Amino acid sequence: MKFFLDTANVERIRYFAEMGLVDGITTNPSLIAKEGRDFKEVISQITEIVDGPISAEVVSTEAVGMIEEARELAAIHENIVIKIPMTREGIKATHQLASKGIRVNMTLVFSPAQALLAAKAGARYVSPFIGRLDDISTDGLDMVAQIRAILDNYDFECEIIAASIRHPLHVIGVAKMGVDIATIPPDVMDKLFNHPLTDIGLERFLKDWENAFAKR
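Undergrad: Could you clarify how one ought to interpret the overall build of the chain in this entry?
TA: Helix and strand counts for the chain stand at eleven helices and eight strands. Taking the principal axes of its C-alpha atoms as reference, the chain extends roughly 75 × 40 × 30 Å. Taking the intrachain contacts of the chain between residues at least 6 apart in sequence as the baseline, contacts between residues at least 24 apart amount to 57%. Accessible area of the chain: about 11,600 Å², with a carbon and sulfur share of 52%.

See below:
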C-alpha cells in the first residue's frame, strides 16, 4: 500500500519523506489556507521534496472553470494531479480532462455509486472519505470495502485513495482490504509508530546495558 500525506505543511512532508514513507501528497483549499502562504508556491515546493502524485484542488464549481484551473495547475509540474469534487460538473470536467491525459483525483466521495461514476468518467484516483462518514454514524470502512469490490470487477485504471483517516485503525482497516493508497494526516502517521511495549522494551534494554557495562 502506498502512503500519501494529507497536508500542505512542507516541514512535516520533509520529515516523513526523509524516512522513505511518502509516496505522494494530497492537499485541499483548507490545508493550503492553514499554511498562510501562496498556493502555487506551496505546491511547487512540495514537488521538490516528493517525487510522486501531488493533488492540488480546484475551487471552481462549474466544469469550464474547473478545466481552466486544472490546466494551470497541471503546468506547475508533471506530478500534479487535479483534485475535483464529486458533482455533476466535476464528472463533466473529469471526463474532459482525462481525455486530454490530465490525471484527476475525485474527492468528497461518500458512496460506492459515486466512486463508480468517477471511475467511469476516467478519474485516475477516487477518494472516499472514511472519518466523515463515521461522524454521521455510517461505517466508512464498509463503504471503502464496497468500492474495492466494485472496482476489482472491472478494468478501470482507477486507484482508491482512502481519505479522511482519523486514527491508526483506519489505516490498518484499509490495508487489510487491499486499498491502493491511504492519505494520512501527519498526526496519524506519528501514531503509527507508537506502542507502549516498544517504549517499555527499549527502556529495559538500555537500563540493563547501563547496569551491566556503564560502571566498568
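Undergrad: For this particular structure, what's the right way to read the nonpolar core?
TA: Soluble globular proteins: nonpolar side chains tend toward being buried together. Among the nonpolar cores identified, the biggest contains 54 residues, and I25, I82, I84, V126, I165 and I184 are the most heavily contacted of them. Here this core takes five residues from helix α4 (residues 63–74), the largest share from any one element. By size, the runner-up hydrophobic cluster in this structure holds five residues, among which are F4, V81, Y125 and I161.

Undergrad: I keep staring at unusual backbone geometry and nothing clicks. Help me out?
TA: Generally, phi is negative for residues other than glycine and the peptide bonds are trans, each holding for most cases. Although it is not a glycine, S137 sits at a positive phi angle of roughly 65 degrees. For S137, the position within the fold is in the loop between α7 (130–135) and α8 (140–152). Here S137 falls in the exposed class, since its relative accessible area comes to 74%. One non-glycine residue, S164, adopts positive backbone phi at about 55 degrees.

Undergrad: Can you help me understand the packing of aromatic side chains in this one?
TA: Both the distance between ring centres and the angle between the ring planes are used here to describe each pair of aromatic rings. This model, assessed by the stated rule, comprises four aromatic pairs. Between F110 and F129, the ring centres sit 5.5 Å apart and the planes meet at 55 degrees, which makes this aromatic pair tilted. With F110 in the loop between β5 (104–109) and α6 (112–121) and F129 in the loop between β6 (125–128) and α7, this residue pair connects regions lying 19 residues apart in the sequence. Owing to a relative accessible area of 30%, F110 belongs among the partly exposed residues under this scheme. Plain terms: the ring middles of W209 and F213 are 4.4 Å apart, the flat faces sit at 45 degrees to each other, and that makes the pair tilted. Taken together, the positions of W209 and F213, both in helix α11 (residues 196–214) and four residues apart, correspond to about one turn of that helix. Using a relative accessible area of 39% as the deciding quantity, one classes F213 as partly exposed. It is R124 that lies over the ring of Y125; its NZ or CZ is 5.2 Å from the centre.

Undergrad: I'm lost on the layout of surface pockets in this one. Help?
TA: Gaps between atoms show up when a probe of the same size as a water molecule is rolled over them. Roughly 530 Å³ of internal volume is contained in the largest pocket. If you list the elements that add at least two residues to the lining of the largest pocket, you get α2 (29–35), β5 and α10 (186–192). Take the lining of the largest pocket: its biggest share by element is five residues, from α2. Partitioning the lining of the largest pocket into residue classes produces ten nonpolar, ten polar and nine charged.

Undergrad: Can you help me understand the pairing of strand β1 (residues 2–6) in this one?
TA: Residues in a regular strand point their side chains to alternate faces of the sheet. Burial of β1 is extensive: four of the five residues sit out of reach of the surface. The sheet contact formed by β1 and strand β8 (residues 181–184) spans four bridges and is parallel. Along β8, the bridge assignment pairs L5 with I184. Where β1 and strand β2 (residues 24–26) come together, three bridges link them in parallel fashion. By the bridge assignment for β2, F4 is matched with G24.

Thresholds applied
- Residues numbered from 1 in each chain as written.
- Predicted model: local features only at pLDDT ≥ 70, side-chain atom pairs only at ≥ 80, totals over all residues.
- Heavy atoms only, no water.
- Helix = DSSP H or I, 4+ residues; strand = E, 2+ residues; numbered from the N terminus.
- Contact = heavy atoms within 4.5 Å.
- Areas by Shrake-Rupley, 256 points an atom, 1.4 Å probe, with all protein chains shown as cover.
- Core = buried A, V, L, I, M, F, W, Y, C linked by side-chain atoms within 4.5 Å.
- Buried < 20%, exposed > 50% of the residue type's maximum accessible area, 1.4 Å probe, protein only.
- Phe/Tyr/Trp six-rings, centres within 6.5 Å; stacked < 30°, edge-to-face > 60°.
- Lys NZ or Arg CZ within 6 Å of the ring centre and 35° of its normal.
- 1 Å grid on protein atoms, 1.4 Å probe; cavity = no way out; pocket = protein on both sides within 12 Å on 5 of 7 lines; lining within 4 Å.
- Points joined across faces, edges and corners; volume = space filled by probe spheres on them.
- Nonpolar A, V, L, I, M, F, W, Y, C, P; charged D, E, K, R; others polar.
- Pairing = 2+ DSSP bridges.

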